[in-house]
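Breakdown of the fold
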Amino acid sequence: MFGFFEKLMTHFAVILTAFFLSQPILLLLICGPHGGFIPSSSSILAEASAADEAVGKWATKFGDELFLLAQKITKSQEIKEKYKEYNARVELKNGTELIQSITDNVGKMLARKMDAVRCIQERAETVNENFEFNLTWAETNFTYISSKYSTFNGNSSEELQPNEADYAYMYRKMDLNQDTHFYNTPVDTEHSSVHVPSNVWDRSERVLKTIQWSEQLDEVFRQNYQSDPALSWQYFGSDTGILRHYPAAQWTDSRANRQDADTYDCRKRSWYIETATCSKDIVILLDHSGSMTGFRHHVAKFTIRSILDTFSNNDFFTIFRYAADVEDIIPCFNGALVQATPENIEVFNEAIEKLDDPEGYANLTLAYDKAFRLLRTYYDSRHCNNSSTCNQAIMLVTDGVAGNTTEVFQKYNWGDGENGTSEMNVRVFTYLLGKEVTKVREIQWMACLNRGYYSHVQTLDEVHEEVLKYVDVIATPLVLQNDKHPPTWTHAFTDKTYDPKETDTKPRLMIAVGVPAFDRFYRHENSTNRRARLLGVAGTDVPVEDIDKLTLPYKLGVNGYSFVVSNNGYVLLHPDLRPRGENGIINPNYNSIDFTEVEHLFEDQSPREPGDSILMIRNAMVRHESQEFKDISVKFHYDKMRRVSEEKQDYFFAPLPNTPFTLGIVMPTEYGKTWIKVGEEVLKNKHMKVNISDFFVGENWKVHPDWVYCKYHYLEGHEFNNSEAELRTFLSKMVKSDWKWSEQYDEDESDRKGNNDLNCGRKTLDDDAYYCNKELVQLLIFDAKVTNSSYGEWRFENEEEKRLIERFGADLRFVATMSGLTRWQFIFGEVEVETDREFGDYHKTAIDETWYKSAILQHHEDRTESFVYSVKYYDDPMEDSELKVTASHAIFPRDGGKEAPACVVGFQFSHALMWEQFFAITAVDHCDGCMPICTNDDVDCVVIDNNAYIVIGQNINTTGKFFGEFHGDVMAAMVERGIFLSIEVYDYQSQCKEEPITNSDGHSLLHPLRLLSLGWRWFVAQLFFQYQRIQWWVDGAPFMEYTDEIEDEYVAVGDGGKASASKPKSDDDDEDALFDEPEPDPVYKPCDMRSTLYVLQPNSLVGINDQVVAPSTRPFFVKKIPNSNLVLVVVNVLMPSRSIRLTTEPQRMNYQTNFPCYKLNMSFYERRRIEECYTMHKEEELYTYCGKASRLGLTLQLLPLTMILMFYLTRCFMR
């Protein structure tokens, strides 16, 4: 400690420094324009180099002890020698050959799915064309398996209403069994079942006929599944609205209220509409004149919402409202069509709900002219005059037209190119609203003369069916060409049958492929219906994880990855794609995340302003090109975007044939070019009389749970508790003489290039058929052999080693390899924990673990034998009863002058004992009082890692937190000196919580009519509630769909065998709810976040031989702790400093323009239109019609109109 004189000098130095800080000019004269050194207590008392040397001795002593401990416990040198002993070969990876191999494998898998769907389509067309239907017999004798009403163990997915009980005989009982392949959903793989929406009557002639003939599809379903057991749900969606899906199962009910109608309709799903209509450019015109007030305005908004629900990511649209003038609904979208992403659709829906009351007169000619001019710009830019792949349409929503608009059509749609006219062939769809309408003829002819369809919508009940009719019209040229059946792939969607485990962080993403089936009756000479129509769409789902498993992740290596990008530039597979936020809520735009939003290049320094390189990569993939881009500098972030490093990556990509997707891989430029190549390990060990199963004894090992080593094709009957038990089964089979290596998709003649013949009779597989990744299994066996001897029974070499290990409380060691193998060992015996989870349960994924990635990056950074030390982030859950430090070290075997990452070794030890050891070392004075020791309150000694997170601090509560939160001035000074590099990364997938707007209680107190208002609301609510329970069982009968929650997912089946009907609410519950204001649910909106992260620059520490002093910053010493990623920082806390707090926590970004306008530039990114679109046919007029007025009877209209009138009056009353 200091003496009296030393204390006096210290306080004098504080006063002097404060004086300098208060005199900027004087400070500038002393320090110079670029900063400098200010005398401090330590520099006054003794030579600065002595203090710096003392800090260096602490760092060296602490580092040496850690390094000795690490070498002893991990046996890293021993394992490294084993690779040499077993002749590990380091070979170069050829990225071009690798991407070709991967795309071939994935392409073969996707081709099998398309073949399966084509087989369904072919059978559907044949059966339908030759089917003889007997309505009289069917009405009394036909039965089928209903997904909703068929019972299993006495329970059905939906209960029949009392007035439906007479038809209970129609629904056969189900015989279901849980199936592992379908995620333990009870299914019947011998039959399919049928879902019928509530607004479709299954006893109407067309519907009943479709259900009956489609039953013959079961044979195709079974054949497809038996030849490709990896097939997911297969289905056929009919244009009648019924969905036949295989295997049979009870319908998953996604309705929040069981009393609501079942609104699932396959005709509104993206796989159906995209297959039928291809890509579309659409302008919607909303009449906003004075005649559209009240009920008509309400129906208009609902009509537009229903139209938008039929759009997908391949469509572009906008909405104009017109009266005397024409205005964009979203002003910043002026002059542009925007992509129909879920996010953009929601923006338009919200804007329409907030529209002012209609007023003024309607100038439809002006509206048409603006719509045509906008479409013309896209017509020209997409070269529509040179191709037939442009689908353009105008949709008019109005209650009538005031004049003649022929001149507009003559100018843009019917012209001959003379006098500024053109022939754009834009379709026009008109929706006439209201019961009492005039000039029907004019609005009908607008549609009929422009290849469109006219709909007269009188009630909300009719909106759904009338909107869907445009799909059939646009599909007419596709049907008429009668030759090709182009497959259509959807963007990603979430599988709602998936029941995630607690440990799962991501929902299961799916894509779907659909193929159109044509109704050919219109070609029969004796046909009474000369209308060309779509029969339906055959489809199947493909889990995105099935693609991921075929991308050879073990070969891509650590910090390498694969991705898939669509024709719109959206990612459906990427390690940074996060469909579910940290709040557990699905991100509304998860299937429209652009490639530029997940790849962070170093050149991208401003948010939402991607640089040239990333756009070049993206556009090449969108164009379906095969290319490679090398040495691209990226902001490589990991550990939940809390750590970052500047790295170089190589990009390789190639198109997936017959799909809109491009598959790419990324490999680190430096260490990603090599890997460990092994030979025939199974045969080699067999010849040496070594049982390969002996390398996998005990329970303290895991294999990567997401990688495929060996699997049975049919999972049912081959269930295993875990991946390790499954692997053991196959290891025992491999040593037998009849063992054969089989691939998942063994090639046959149908798979050969140039063979376009459809094979619907592929060889079916035996129940015990299996497949393996031979290369990965051989590598796994080699890794197990290399690490096996080092992970036998632990023995201390001597007492000194034991004392060292006990001093740091090191109790666990581990190794993880590039083949996905993880081993761990308890030094002092296994300790039982309350959670029954141990190291291997928390860290299963080997090369994907943070400590694995960090060790590889550390080796790449300093090329030494150093270890990476880390503690959990302060906010992360504990894995053990006490805080542990995790240390890891990468092993790179060398061969032929090359090295390759083979494995990472590591250990865990007590943070508390490490803390004690550190302060014991730093309590030693090495310079005779030239500076305080670390137990002195005059300094704060902190050990931080290479990303500036605190590993050791005097305050134990700072562990795992960012250093800059406590010493912001010092952190800023280290950035200014280049000791740390600050890197900004952007998260474009965040969800920000919006504060709910709550009404003041005083509002109701100030209005005496509040009670009467609530009573009126209760009366109307009861009336609506009773009406919704009525089932309208007539052909085309209306049904209430006021809360038509349309989602983009294919809701399949699940949870069968359980009584799913919930207890209905009593009327009293509804009455109480009216007077009880519940807490509003939190509302989350998509937002952009910025994180400023930091990474150590070790070379910048060379040459720093004294304390660092900067203006308005506390003086500090900084020393690298040898053989580690750690830095010792000693801060003089007696000195004053500027108040600065830095953070790595994500911060919400605020733009000059509001959402969604700041994302508008993304609408102009390059896209590739879907190919094989059929938009015109010379015979179209012969086999189509353009609509007529609604034939709905007055009797059925009366009650719904009464309800709607009451609803409208209620809204007026509440204003």
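Structure first, text after, so check above.
Model, not experiment: these values are computed from the prediction.

Tallying each qualifying case throughout the model produces nine disulfides. Between the sulfur of cysteine 710 and that of cysteine 772 lies a disulfide, 2.0 Å long from S to S. Every disulfide takes its handedness from the sign of the S-S torsion; for cysteine 710 and cysteine 772 that torsion is 115°, giving right-handed. You can see cysteine 710 sitting in strand E25 (residues 710–712) and its partner cysteine 772 sitting in strand E26 (residues 770–772), a full 62 residues away along the chain. Across the pair, exposure class does not vary: cysteine 710 and cysteine 772 are buried alike. A disulfide bridge connects cysteine 927 with cysteine 930, and the sulfur atoms are separated by 1.7 Å. The sign of the S-S torsion, about -90°, decides the handedness of the disulfide formed by cysteine 927 and cysteine 930: left-handed.

What follows deals with the packing of aromatic side chains. In total, this model carries 56 aromatic pairs according to the counting rule given. Here the aromatic rings of tyrosine 83 and phenylalanine 782 are separated by 6.1 Å at their centres, their planes lie at 55°, and the arrangement is tilted. Taken together, the residues span a long stretch of sequence, with tyrosine 83 in helix H5 (residues 76–85) and phenylalanine 782 in helix H22 (residues 774–788) at a distance of 699 residues. Here tyrosine 83 matches phenylalanine 782 in class, with each residue buried. What links up through ring pairs into an aromatic cluster is the set Phe67, Phe808, Phe867, Tyr869, Phe907 and Phe909. The ring of tyrosine 183 has arginine 508 lying over it, and the distance from NZ or CZ to the ring centre is 3.2 Å. The ring of tyrosine 86 has lysine 785 sitting right over it, with the charged end atom 4.8 Å from the ring centre.

Here the focus is helix H8 (residues 205–213). If you check which residues of H8 are buried, you get Val207, Leu208, Thr210, Ile211, Gln212 and Trp213. Close packing links the buried residues of H8 with helix H6 (95–130), helix H7 (135–141), strand E4 (193–195), strand E5 (234–238), strand E6 (243–246) and strand E17 (533–543).

Counting buried positions over the five residues of E5 gives five, a clear majority of the element. Hairpin connection of E5 to E6: four residues between the antiparallel strands, including glycine 241 at a positive phi of 105°. Relative to E17, E5 is paired through five bridges, and the arrangement is antiparallel. From the neighbouring strand, phenylalanine 236 faces E17, where its bridge partner is alanine 538.

For the coordinates displayed, the defined rule picks out 65 salt bridges. Arginine 373 is the partner of aspartate 369 in a salt bridge, and the nearest nitrogen-oxygen pair spans 2.8 Å. Of this pair, aspartate 369 and arginine 373 are both found in helix H13 (residues 364–381), four residues apart, which corresponds to roughly one turn of the helix. Between aspartate 987 and arginine 578 there is a salt bridge, with the nearest N and O atoms lying 2.5 Å from each other. Placement of the pair is aspartate 987 in strand E36 (residues 980–994) and arginine 578 in the loop between strand E19 (571–573) and helix H19 (612–622), with a sequence separation of 409 residues.

Core analysis: the biggest nonpolar cluster contains 196 residues, and Ile284, Phe311, Tyr431, Tyr470 and Tyr651 have the highest contact counts within it. Counting residues per element, this core draws most heavily on H6, which supplies 12 residues. Excluding its chain neighbours within four sequence positions, the residues that come into contact with tyrosine 470 are Ile273, Lys280, Thr310, Phe311, Met395, Phe429 and Tyr431. Core analysis: the next-biggest nonpolar cluster, separate from the first, contains 43 residues, Ala51, Ala70, Cys927 and Cys930 among them.

Note on placement: isoleucine 1121 falls in the loop between strand E38 (1116–1120) and strand E39 (1127–1132). Classification of isoleucine 1121 as buried rests on a relative accessible area of 1%. Once the C-alpha coordinates of isoleucine 1121 and aspartate 945 are considered, the two residues, 176 residues apart in sequence, prove to be 9.8 Å apart. Sequence-distant contacts of isoleucine 1121, defined by excluding residues within four places in its chain, comprise Ala59, Phe62, Gly63, Val943, Leu1126, Val1127 and Leu1128.

Backbone hydrogen bonds hold the strands of a sheet together, and the pairing may be parallel or antiparallel. The strand order across the open sheet built from six strands is E24-E28-E27-E33-E30-E29, with neighbouring strands paired in antiparallel fashion. In this open sheet, the two strands that pair with only one neighbour each are strand E24 (701–702) and strand E29 (868–871). Relative to strand E33 (residues 903–910), strand E30 (residues 884–891) runs antiparallel, the two sharing eight bridges. If you follow alanine 887 over to E33, its bridge partner there is phenylalanine 907.

Attention now moves to helix H23 (residues 799–808). Those residues of H23 not exposed but buried are Glu801, Leu804, Ile805 and Phe808. In a view along the axis of H23, the buried residues occupy a sector of 95°, so they form one face of it. Where H23 starts, the residue carrying a side-chain oxygen 3.2 Å from the main-chain nitrogen of glutamate 800 turns out to be asparagine 798. At the C-terminal side of H23, glycine 809 shows a positive phi close to 65°.

So, about unusual backbone geometry. Put simply, tyrosine 246 and proline 247 share a cis peptide bond, and its omega is 0°. Within the secondary structure, proline 247 sits in the loop between E6 and helix H10 (270–277). Residue proline 1156 is reached from phenylalanine 1155 by a cis peptide bond, and omega for that bond is 5°. Within the secondary structure layout, proline 1156 lies in the loop between strand E40 (1147–1148) and helix H31 (1194–1214). You will see that asparagine 153, though not glycine, has its phi angle at about 55°, which is positive. Despite not being glycine, lysine 689 shows a phi value in the positive range, around 60°. Turning to its location among the elements, lysine 689 is positioned in the loop between helix H20 (681–687) and E24.

Contact geometry of H23 with helix H26 (residues 911–921) gives a least axis separation of 7 Å together with a crossing angle of 105°. On the basis of the axis angle, H23 is roughly perpendicular to H26. Touching Glu806, Arg807 and Phe808 of H23 are Leu913, Met914 and Gln917, all from H26. Class assignment for the residues of the contact of H23 with H26 results in three nonpolar, one polar and two charged.

Strand order in the open sheet formed by four strands is E35-E34-E39-E38, with antiparallel pairing between adjacent strands. Only two strands of the sheet have a single partner each, and these edge strands are strand E35 (950–952) and E38. For this sheet the average axis-to-axis angle between neighbouring strands, irrespective of direction, equals 30°. Sheet topology places strand E34 (residues 939–944) next to E35; two bridges connect them, and they run antiparallel. Residue pairing across strands places isoleucine 944 opposite isoleucine 950, the latter belonging to E35. Seen against the sheet, H26 touches E34, E35 and E39 and runs at an angle of roughly 70° to E35. Along the sheet face, helix H27 (residues 968–976) touches E34, E38 and E39 and points at about 60° away from the line of E38.

Scoring rules and cut-offs
- Residues numbered from 1 in each chain as written.
- Predicted model: local features only at pLDDT ≥ 70, side-chain atom pairs only at ≥ 80, totals over all residues.
- Heavy atoms only, no water.
- Disulfide = S-S within 2.5 Å.
- Helix = DSSP H or I, 4+ residues; strand = E, 2+ residues; numbered from the N terminus.
- Buried < 20%, exposed > 50% of the residue type's maximum accessible area, 1.4 Å probe, protein only.
- Phe/Tyr/Trp six-rings, centres within 6.5 Å; stacked < 30°, edge-to-face > 60°.
- Lys NZ or Arg CZ within 6 Å of the ring centre and 35° of its normal.
- Contact = heavy atoms within 4.5 Å.
- Pairing = 2+ DSSP bridges.
- Salt bridge = Lys/Arg side-chain N within 4 Å of Asp/Glu carboxyl O.
- Core = buried A, V, L, I, M, F, W, Y, C linked by side-chain atoms within 4.5 Å.
- Arc of directions from axis to C-beta.
- Polar contact = N/O pair within 3.5 Å; in protein donor to acceptor, adjacent residues only side chain to side chain.
- Axes fitted to C-alpha atoms, helices over the stretch in contact; angles between N-to-C directions.
- Parallel < 35°, antiparallel > 145°, perpendicular 65-115°, else oblique.
- Nonpolar A, V, L, I, M, F, W, Y, C, P; charged D, E, K, R; others polar.

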